[in-house]
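# Structural features, examined
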Amino acid sequence: MVVLHLLLADLPDIDTLQHYTPPLVTRIYDRNNEIVTELFTERRTILPLSDIPVNLQNAFMATEDQYFFQHWGINLKGIARALISNLRHGRVVEGGSTITQQLSKVLFFSQKKTLTRKIRELLLALQLEHNYSKEEIFQMYMNQIYFGHGAYGVEAAARTFFGKQAKDLNLAECALLGGLPRSPKTYSPFLNPKNAQRRRSWVLSRMRKSGYITAREETEANQVPIQSEKGPLAPPVGAYFVEYLRQILDPKYGDNALYQGGYSIYTTLDLKMQRAAEEVMEKNLAQFDKDKQKEVLAAFAAAKKSKSKKPLLEVSTTTAKVQGSLVALDPRTGEIRALVGGREFKESQFNRVTQAQRQPGSAFKPFVWTAAMDDDMTAATIVDDDRAGFYNDGSDWKLLDSATDAYSIALATAPFPPDQAWVPLNWDHKYFGPVTLRTGIALSRNLVSIRLTDHFGPKVVVDYAHRCGIKSPLQAVLSIALGTEQVNLLELTGAYCTFANGGIRPEPYGIRRIEDKNGQVLEENFPQSNVALSAQTAYLMVDLLKAVVTSGTGARAQELGRPTAGKTGTNQDLKDLWFVGFTPDLVCGAWMGYDDFTSMGKHFTAASKVLPWWTEFMKKAHEGIPVHNFAVPPDIVFAKIDADSGYLALPTCPKVALVAFKKGTDPKELCPIDHLNQVKPEPETEE
């Protein structure tokens, strides 16, 4: 009696079951309620007994505890029968534990087999039977038992082995699951399909003998092939997006709640777009690596032939895997539709959309032009695209107005130390003289951007960048005209939303709603936005950035076959290639480069290497979306101008462009006749 008293005193308190919640799966959904992924320590979904198929319940009754509804927690006849059977076979072939005993074991005890544990298990089973109904015990058991391959409970098992919900299981599938808990590894259809088939046949036989199914049903179920391989599971999608969410949610809710709380997280992601983004980017970057490798091998062979050691060293440092990133946003709401932070999440969890700070190069120029449009300059305003030199007098950079060619600039800057003189160049080393602001941005003229920044002051440009959505700190220096300050892809793409959304800046976000396991809403998020620009200024920028696509460095994007605007970006050292562009329905930013800031190479540009896969993704993303134009706000007028001079076009003008203006700022003078005889060099469009 003393021993019994000690065993009873040391039993777990079953009252804890009143509040016990096993670890549950947290599911992350996309905007269409498709499952993106699951977070869990144990893959489990709790089902009420009414949602568990009768055939599955009967399979467990016949296999594990035929007299479950007759006994009081312990089946003495079953224990005796199992003992005799095991002695006869010389090994364990049958268990004597009831379902209640098994539940007490998995809930409260370790798997270590000792006589003391077995006695305590029996005593606890009696207490469970005393405090809970048979239905409650059976429901807890069906949701708690382990089936192998990380699946706890019948719902997780149904999804793991058959890719369906438990309520949709057929008889053969129910029988297979009913035979797994005895030894999940031994009877796994994935690991031991022959064992699984024999075990399923035995379960079906037990179900027939117990009166649960007919002989015909048994025969038909036995003829169903065993699914010996996992179904063609889709590869993990959105790993960088999920990690982006986790970093936001972990400080709020904690790691345990996220992985065991059974939350439902409804996001803004569009799985169709996400899959397209990952597939397109990887395909194109993998091809880039192959082409680069061929180039490296050729350079290596040439260097080896020349017997030069220096080229060999340079060649050996250019074989790293190129990286890329992409983010797509709804311009009206800021909702993240797709986010790819790199090529292989398992290799690197560094998110190049949100964490990588890189120089945007010419992709930053729209903020310079925004300052101009807001100051009532127009697309027809003429600015000089010619050589220029700057010197620092100790307080600010000053333009050398008299320096109009390379020789005079060299003379003018010679008295100053290198850090006090700056001679910026155009990316193609060509200079077109006076050009319109439309041409300046379409062809990405560095000297036009610098002259505008010098005119307004770098602080004004920084202010417009921040107003549009850039959050990173920016130094108000003249070189900001060329995008020398570092930003990340998410903020840059978000800032372009301001142009596409009529001057209203939406805040990018990825979580719509979070519910707990009971459906209680824990948080709900809605679009947040601020007016950053007037609708007229924003539309002028849309019109200018459309020119980049129709007649500039973004020409490849014309393949979309719908109104498109955007800007290429290639920084001075060719370390970063960008394209950020948009339609009325989607804003997308794409980047590629090396993590170690190695130069991409002189002949690689954003137009030739990023824009093609940006365009390929956007084609897929817009499937099924009707074509429509950007909305034109009030007080915007259009005029046909000569693209070179900015005057109103004559019928004989060779380059005519329909251009947007704020009402009252459109040109009034016709193009001079003598201007038609001037011939300018054809520009390159491959920045």
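Calculation notes
- Along each chain, residue indices are assigned from 1 in the same order as the chain's sequence is written.
- Restriction of local features to residues with pLDDT of at least 70 applies here, the model being predicted, together with a cutoff of 80 or more for giving and counting side-chain atom pairs; totals for whole chains, interfaces and linings are based on all residues.
- For the side-chain quantities, the full set of heavy atoms in the structure was used; hydrogens and water were omitted.
- Put simply, DSSP marks the helices as runs of H or I at least four residues long and the strands as runs of E at least two long, and each gets a number from the N terminus on.
- Pairs of residues are marked as contacts when any of their non-hydrogen atoms sit within 4.5 Å.
- For accessible areas, the Shrake-Rupley method is used with a probe of radius 1.4 Å. Any residue's cover is judged against the shown protein chains and nothing else.
- Salt bridge, as used here: a side-chain nitrogen of Lys or Arg that lies within 4 Å of a carboxyl oxygen of Asp or Glu.
- Note on classification: 1.4 Å probe, protein chains only; a residue is buried when its accessible area is under 20% of the maximum for its type, exposed when over 50%, partly exposed between these limits.
- Distance and chemistry together define a polar contact, namely a pair of N or O atoms within 3.5 Å, with one atom able to donate a hydrogen and the other to accept it when in protein, and with adjacent residues in sequence counting only for side-chain atoms on both sides.
- The axes are straight lines fitted to the C-alpha atoms, using for helices just the contacting stretch, and the angles between their N-to-C directions are given from 0 to 180°.
- Should an angle lie under 35 degrees it is considered roughly parallel, over 145 roughly antiparallel, and from 65 to 115 roughly perpendicular; all remaining angles are considered oblique.
- The crossing is said to be left-handed when, going from far helix to near helix, the turn is anticlockwise and less than a right angle, and right-handed when the turn is clockwise.
- Lys, Arg, Asp and Glu make up the charged group, whereas Ala, Val, Leu, Ile, Met, Phe, Trp, Tyr, Cys and Pro make up the nonpolar group; the residues left over, Gly among them, are polar.
- When DSSP finds at least two bridges between two strands, those strands are taken to pair.
- Here, the term nonpolar core denotes a set of buried Ala, Val, Leu, Ile, Met, Phe, Trp, Tyr and Cys residues that are joined through side-chain atoms within 4.5 Å.
- Residues qualify for a patch when their relative accessible area is over 30% and they have no salt bridge, like charges being joined within 9 Å and the nonpolar side chains of Val, Leu, Ile, Met, Phe, Trp and Tyr within 5 Å.
- Working definition: rings of Phe, Tyr and Trp (its six-membered ring) pair if their centres are within 6.5 Å, and the pair is stacked with planes under 30 degrees apart, edge-to-face with planes over 60 apart, and tilted otherwise.

### What about the overall build of the chain?
Summing up its helical and strand segments, the chain has 23 helices and 21 strands in all. Counting contacts in the chain only where the partners sit at least 6 residues apart, residues at least 24 apart contribute 69% of the total. Accessible area for the chain stands at about 31600 Å²; split by element, carbon and sulfur atoms hold 53% of it.

### Things to note about the pattern of salt bridges
Under the criterion given, the structure shown has 34 salt bridges. A salt bridge links Asp 576 to Arg 358; its shortest N-O distance comes to 2.4 Å. Taken together, the residues Asp 576 in strand β18 (residues 576-582) and Arg 358 in the loop between β7 (336-340) and α15 (365-374) connect sequence positions 218 residues apart. Accessibility classification places Asp 576 together with Arg 358 in one group, the buried group. Linked by salt bridges that have partners in common, Asp 330, Arg 332, Glu 335, Arg 337, Arg 512 and Asp 585 make up one network.

### A closer look at unusual backbone geometry
Within the chain, Asp 376 stands out as a residue other than glycine whose phi angle is a positive 70°. Unlike most non-glycine residues, Asp 635 shows phi in positive territory, near 65°. Examined against the element boundaries, Asp 635 turns out to sit in the loop between α23 (611-621) and β20 (636-642). By relative accessible area, which is 47% here, Asp 635 ends up partly exposed.

### Considerations on the side chain of Arg 451
Inspection of the secondary structure assignment puts Arg 451 in helix α18 (residues 446-456). Engagement of the side chain of Arg 451 in a polar contact is seen with the backbone oxygen of Asp 384, the distance being 3.0 Å. With sequence-adjacent residues up to four places away left out, Arg 451 is seen in contact with Val 383, Asp 384, Asp 385, Asp 386, Arg 387 and Ala 388.

### A few points about the side chain of Asn 426
Within the fold, Asn 426 resides in the loop between β11 (421-422) and β12 (433-436). Asn 426 gets classed as buried once you look at its relative accessible area, which sits at 1%. Looking at Asn 426, its side chain comes within polar contact range of the main-chain nitrogen of Leu 447, at 3.2 Å. When residues no more than four places from it in sequence are discounted, the contact partners of Asn 426 are Asp 385, Tyr 431, Arg 445, Asn 446 and Leu 447.

### Some thoughts on the packing of helix α2 (residues 54-64) against helix α8 (residues 171-178)
For the pair α2 and α8, the least separation of the axes is 8 Å and the interaxial angle reads 40°. In terms of orientation, α2 lies oblique with respect to α8. Viewed along their axes, α2 and α8 form a crossing whose handedness is right-handed. Here α2 contributes Asn 55, Leu 56, Ala 59, Phe 60, Thr 63 and Glu 64 to the contact with α8, which in turn contributes Leu 171, Cys 174, Ala 175, Leu 177 and Gly 178. Residue composition of the contact of α2 with α8, grouped by class: seven nonpolar, three polar and one charged.

### Some words on the pairing of strand β5 (residues 264-267)
Consecutive side chains of a regular strand alternate in pointing toward one face of the sheet and then the other. Residues Ser 264 and Tyr 266 line one face of β5 and the alternating positions Ile 265 and Thr 267 line the opposite face, and both faces are buried. In this structure, strand β1 (residues 26-29) lies alongside β5, joined through three bridges in parallel fashion. The residue of β5 that forms the bridge with Tyr 29 is Tyr 266. Of the strand pairs in this sheet, β5 and strand β14 (residues 511-515) are connected by four bridges, and their pairing is antiparallel. From the neighbouring strand, Tyr 266 faces β14, where its bridge partner is Arg 513.

### So, the nonpolar core
Ranked by internal contacts, the top residues of the largest apolar core, which has 84 residues, are Phe 367, Leu 452, Tyr 496, Phe 499 and Phe 582. The leading source of residues in this core is helix α20 (residues 489-500), at eight residues. Leave out the neighbours within four places in its chain, and Phe 499 touches Pro 366, Phe 367, Thr 370, Cys 468, Leu 533, Ala 538, Met 541, Val 542, Leu 545 and Phe 582. Of all hydrophobic cores here, the second largest spans 32 residues; its members include Ala 338, Ala 557, Ala 590 and Leu 611.

### Notes on a nonpolar patch on the surface
Where nonpolar side chains cluster on the molecular surface, the patch consists of Val 632, Phe 638 and Leu 658 and spans about 270 Å² of accessible area. On the secondary structure map, Phe 638 appears in strand β20.

### Observations concerning the sheet that holds β14
Within the open sheet, the five strands sit side by side as β2-β1-β5-β14-β15. Their pairing is mixed. Whereas interior strands pair on both sides, the edge strands pair on one side only; in this sheet they are β2 (35-39) and β15 (521-524). Neighbouring strand axes in the sheet, compared pairwise and without regard to direction, differ in orientation by 15° on average.

### Details of the sheet that holds strand β19 (residues 587-593)
With antiparallel pairing, the five strands of this open sheet are ordered in space as β7-β6-β19-β18-β17. Either end of the sheet is taken by a strand with one partner, and the two such strands are β7 and β17 (565-570). Ignoring which end each strand starts from, the neighbouring axes of this sheet average 5° apart. Judged from the seven bridges that link them, strand β6 (residues 323-329) and β19 form a sheet pairing that is antiparallel. Each bridged residue has a counterpart across the sheet, and for Ala 328 the counterpart in β19 is Cys 588.

### Thoughts on α2
Structurally, the α-helix is built with 3.6 residues per turn, so residues lying three or four positions apart point the same way. Burial runs high along α2: nine of the 11 residues are buried. All of the buried residues in α2 are Leu 56, Gln 57, Asn 58, Ala 59, Phe 60, Met 61, Ala 62, Thr 63 and Glu 64.

### Focus on the packing of α8 against helix α9 (residues 193-209)
Contact geometry for α8 and α9: axes closest at 8 Å, N-to-C directions at 105°. Classed by the angle they form, the pair α8 and α9 counts as roughly perpendicular. Contacts from Leu 171, Ala 172, Ala 175, Leu 176 and Gly 178 in α8 reach Arg 200, Val 203, Leu 204 and Met 207 in α9.

### Describing the environment of Val 296
Summarising the element assignment, Val 296 is placed in helix α13 (residues 271-306). Residue class for Val 296 comes out buried when judged on its relative accessible area of 7%. Spatially, the C-alpha atom of Val 296 lies 7.3 Å from that of Thr 319, the residues being 23 residues apart in sequence.

### Considerations on the environment of Asp 270
With respect to the element layout, Asp 270 can be found in the loop between β5 and α13. Residue class for Asp 270 comes out buried when judged on its relative accessible area of 8%. Separated by 66 residues in sequence, Asp 270 and Ile 336 have C-alpha atoms that sit 8.2 Å apart. Aside from chain neighbours lying at most four places away, what touches Asp 270 is Asp 30, Arg 31, Asn 32 and Arg 337.

### Regarding the packing of aromatic side chains
Two aromatic rings, taken as a pair, are described by how far apart their centres are and by the angle between their planes. In total, this model carries 18 aromatic pairs according to the counting rule given. An angle of 70° between the planes, with centres 5.7 Å apart, marks the rings of Tyr 496 and Phe 499 as edge-to-face. Placement of both Tyr 496 and Phe 499 in helix α20 is noted, with a separation of three residues, approximately one turn of the helix. The pair formed by Tyr 496 and Phe 499 is uniform in burial state, with each residue classed as buried. Note on Tyr 539 and Phe 638: the rings are 6.2 Å apart at their centroids and 85° apart in plane angle, and the pair reads as edge-to-face. With Tyr 539 in helix α21 (residues 535-551) and Phe 638 in strand β20, this residue pair connects regions lying 99 residues apart in the sequence. Site record: aromatic cluster; members linked through ring pairs are Phe 60, Phe 138, Tyr 141 and Phe 147.

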